[in-house]
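So you can see what is in the structure, the chains are spelled out below.
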Amino acid sequence: MPLDVTGIALDERQTRCFLANGQDVTSMANGDSTKDNNGLTYAGSGVDIDAGNALVEAIGPLAASTKRSGVMGAIGGFGGLFDLKDAGFKDPVLVAANDGVGTKLKIAIDTGRHNTIGIDLVAMCVNDLIVQGAEPLFFLDYFACSTLDTKVAEQVIAGIAEGCKQAGAALIGGETAEMPGLYATGDYDLAGFAVGAAERGHLLPRTDIEEGDVLIGLASSGIHSNGFSLVRQVVEKTGLNWDAPAPFAPKTSLGEALLEPTRIYVRAALEAIRETNGVKALAHITGGGLPENLPRVLPKGLGAHVELGEISAPAVFGWIAEQGGVSQAEMLRTFNCGVGLVLVVSATGADEVITVLAKAGEKAFKLGSIEAQPGTEQVRFSGELEFAS
């Protein structure tokens, strides 16, 4: 698939090539895109090549603003180029991740707020890279819709560019696809693809995780990008409109509050990894919450003890639990509940790691410890979740 972030998926291979080079595509496909001697045309079937051209001009500067060391060439070819040596790596191992943002997209579409959903897309990918010790290098997006609305697409990609800048990754390509008949009018879908690198021998998790190691939690910015099918059910149950004041944040509309973007932990986590010797593992707390994501980095025979009283969960989670009658166990396995990233660190290095994370702007706190696995479950909880008011 061509790597033209501003390109539009077309059936005619030559047309796509012309678009990638920024040339006039209307000379292809038999002249005028809307008139063809009363015959059928691509535009008449719902695919607007001219809209794709307009998007080319609109978002080119957004992609350029994310350029970093290692990027070669410019967007518009059939593939993006990246020079690992120029990026400073000597013996790198590449790490790749891809993800979407789930049904949080429906809230963005229903509210007409498209400027932050791209940050979520980047976050869900790059946070999965950093937990393996990899520095994000570049990002590609896939934007699919029924009929291309260039204003909406530009807002979405502006968010993607912002997320890339927060993560230190370059937006080097992507694809825009118009597929009338597959998507409902006004709907769109997103997918993201990120590639990072770590020097050989520096990948996480480390093999020296042991009893007594400390769990450090990093506060989430809210729901992030998981559990929104349940969230939307709760909203439907309350009968609230998206523009109503959020009960848990009265100065903000409900839609805007729920669209708070996923926090990107890359820069802070990289500093903790590079400036200390205490970080042994990291876990990105996404779908499945703490019970299912912590075990992914723990060796066999070891478990995690999480003290729930150490978490100050954002008020949105208390509202969901109360309005939906959602049990604590269900909350923990559906949402991050206030913890977006967990670090496993040596007991002697915990305070230093917390200091580095705090200087990087993160709210870091001791969450629990590593222990011998007490039974069939690798995560043991004590205490009760406390929700901010």
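Residues numbered from 1 in each chain as written. Predicted model: local features only at pLDDT ≥ 70, side-chain atom pairs only at ≥ 80, totals over all residues. Heavy atoms only, no water.

### Brief notes about the overall build of the protein chain
What counts is decided by this rule: Each helix corresponds to a stretch of at least 4 residues labelled H or I by DSSP, and each strand to a stretch of at least 2 residues labelled E; elements are numbered beginning at the N terminus. Partly exposed describes any residue whose relative accessible area lies between the buried limit of under 20% and the exposed limit of over 50%, with all areas from a 1.4 Å probe on protein chains only and scaled to the type maximum. It only takes one pair of heavy atoms within 4.5 Å for two residues to be counted as in contact. All accessibility values rest on the Shrake-Rupley procedure with a 1.4 Å probe; residue burial counts only the protein chains present in the view.
For the protein chain, the count of helices and strands is 12 helices and 17 strands. Here the protein chain, with 389 residues, has 52% of them falling under the buried criterion. Residue pairs at least 24 apart in sequence account for 83% of intrachain contacts in the protein chain once pairs closer than 6 positions are excluded. Counting only carbon and sulfur atoms, one obtains 48% of the accessible surface of the protein chain, whose full area is about 17100 Å².

### Some points on the packing of aromatic side chains
We apply this condition: Planes of paired rings set the category: under 30 degrees apart is stacked, over 60 is edge-to-face and the rest tilted, where pairs are Phe, Tyr or Trp rings (Trp by its six-membered ring) whose centres lie within 6.5 Å.
Taken as a whole, this structure holds 4 aromatic pairs when the rule is applied. When the ring of F248 is compared with that of W319, the centres are 5.4 Å apart and the planes differ by 50 degrees; the resulting orientation is tilted. In this pair, F248 is assigned in the loop between β9 (245-246) and β10 (249-253) and W319 in helix α10 (residues 315-324), connecting sequence segments 71 residues apart. Both residues of the pair, F248 and W319, belong to the buried class.

### Structural notes on the environment of N336
Note the threshold: Nitrogen and oxygen atoms within 3.5 Å of one another constitute a polar contact, given that in protein one can donate a hydrogen and the other can accept it, and given that sequence-neighbouring residues count only through two side-chain atoms.
Within the fold, N336 resides in the loop between α11 (328-334) and β14 (339-345). Judged by relative accessible area, N336 falls into the buried class, the value being 2%. Separated by 111 residues in the primary sequence, N336 and S225 place their C-alpha atoms 9.5 Å from one another. The contact partners of N336, leaving out residues within four places of it in the chain, are S220, G222, I223, H224, I285 and F317. Among the polar contacts made by the side chain of N336, one reaches the side chain of S220 at a distance of 2.8 Å.

### Quick look at helix α12 (residues 350-359)
Put simply, the rule reads: Directions drawn from the helix axis to the C-beta atoms are what define this arc.
Burial in α12 covers these residues: A350, V353, I354, V356 and L357. One side of α12 holds all its buried residues, which, seen down the axis, span an arc of 160 degrees. Within α12, the exposed residues directed more than 90 degrees away from the buried face are D351 and K359. Where α12 is buried, its residues contact β8 (214-219), α8 (266-275), β11 (279-284), β14 and β15 (364-372).

### Observations regarding the sheet that holds β15
Keep this limit in mind: Strands are labelled as partners when DSSP assigns at least two bridges between them. In this analysis an axis means a line fitted to C-alpha atoms, helices contributing only their contacting stretch, and an angle means the value between N-to-C directions, from 0 to 180 degrees.
As summarised here, the arrangement of the 6 strands in space is β11-β14-β8-β15-β12-β16, forming an open sheet in which the pairing is mixed. Sheet topology places β11 and β16 (379-382) at the edges, where each strand pairs with a single neighbour. Each adjacent strand pair in this sheet contributes to an overall mean axis angle of 30 degrees, direction not counted. Direction of pairing for β11 relative to β14: antiparallel, over a ladder of 5 bridges. When the sheet's bridge partners are listed, H284 is paired in β14 with L341. Relative to the sheet, α8 contacts β11 and β14, its axis offset from that of β11 by approximately 165 degrees.

### Things to note about the nonpolar core
Spelled out, the test is: Take the buried residues of types Ala, Val, Leu, Ile, Met, Phe, Trp, Tyr and Cys, join any two whose side-chain atoms come within 4.5 Å, and each joined set is a nonpolar core.
Y188, I216, L258, I320 and L343 are the most contacted members of the largest nonpolar core, which totals 105 residues. Here this core takes 9 residues from helix α4 (residues 117-130), the largest share from any one element. Among all residues touching I216, those that are not within four sequence positions of it are L341, V342, L343, V345, A350, V353, I354, L357, A364, F365 and L367.

### Considerations on the side chain of E178
Residue placement: E178 occurs in strand β6 (residues 170-178). Exposure remark for E178: the relative accessible area of 4% places this residue in the buried category. Within the local environment of E178, its side chain forms a polar contact with the backbone nitrogen of L148, the two atoms lying 2.7 Å apart.

### Some remarks on unusual backbone geometry
With the exception of glycine, most residues fall at negative phi, and the peptide bonds are largely trans. Of the consecutive residues L204 and P205, the connecting peptide bond is found in the cis state with omega at 5 degrees. Within the secondary structure layout, P205 lies in the loop between β7 (188-199) and β8. For H224, which is not a glycine, the phi torsion comes out positive at approximately 65 degrees. As for its placement among the helices and strands, H224 is situated in the loop between β8 and α6 (228-238).

### Points about the packing of α4 against helix α5 (residues 150-167)
Our working rule: Should an angle fall under 35 degrees it is taken as roughly parallel, and over 145 as roughly antiparallel, whereas 65 to 115 is taken as roughly perpendicular and any remaining angle as oblique. Handedness of a crossing follows from how the near helix is turned relative to the far one, being left-handed for an anticlockwise turn of less than a right angle and right-handed for a clockwise one. Gly is placed with the polar residues, together with every amino acid not listed as nonpolar (Ala, Val, Leu, Ile, Met, Phe, Trp, Tyr, Cys and Pro) or charged (Asp, Glu, Lys and Arg).
Two numbers describe how α4 lies on α5: the axes approach to 6 Å, and their chain directions differ by 40 degrees. Here α4 lies oblique to α5, going by the angle between them. Like other packed secondary-structure pairs, α4 and α5 cross with a definite hand, here right-handed. Between α4 and α5, the contacting residues are I117, G118, I119, L121, V122 and V126 on the first element and V156, G159, I160, E162, G163, C164, Q166 and A167 on the second. Residue composition of the contact of α4 with α5, grouped by class: 9 nonpolar, 4 polar and 1 charged.

### Describing the pattern of salt bridges
Heads up, the rule is: A side-chain nitrogen of Lys or Arg and a carboxyl oxygen of Asp or Glu constitute a salt bridge if their distance falls within 4 Å.
Enumeration over the complete set of coordinates arrives at 13 salt bridges. Between K104 and D120 there is a salt bridge whose closest N-O contact spans 2.9 Å. Of the two residues, K104 is situated in helix α3 (residues 104-111) and D120 in helix α4; the sequence distance between them amounts to 16 residues. Overall, the relative accessible area of 0% leaves D120 in the buried class. When the shortest N-O distance is used, the salt bridge between D213 and K280 registers 3.1 Å. You can see D213 sitting in the loop between β7 and β8 and its partner K280 sitting in strand β11, a full 67 residues away along the chain. Neither residue differs from the other here; D213 and K280 are each classed as buried. In the salt-bridge network here, residues are joined through shared partners; they are R68, E135 and R274.

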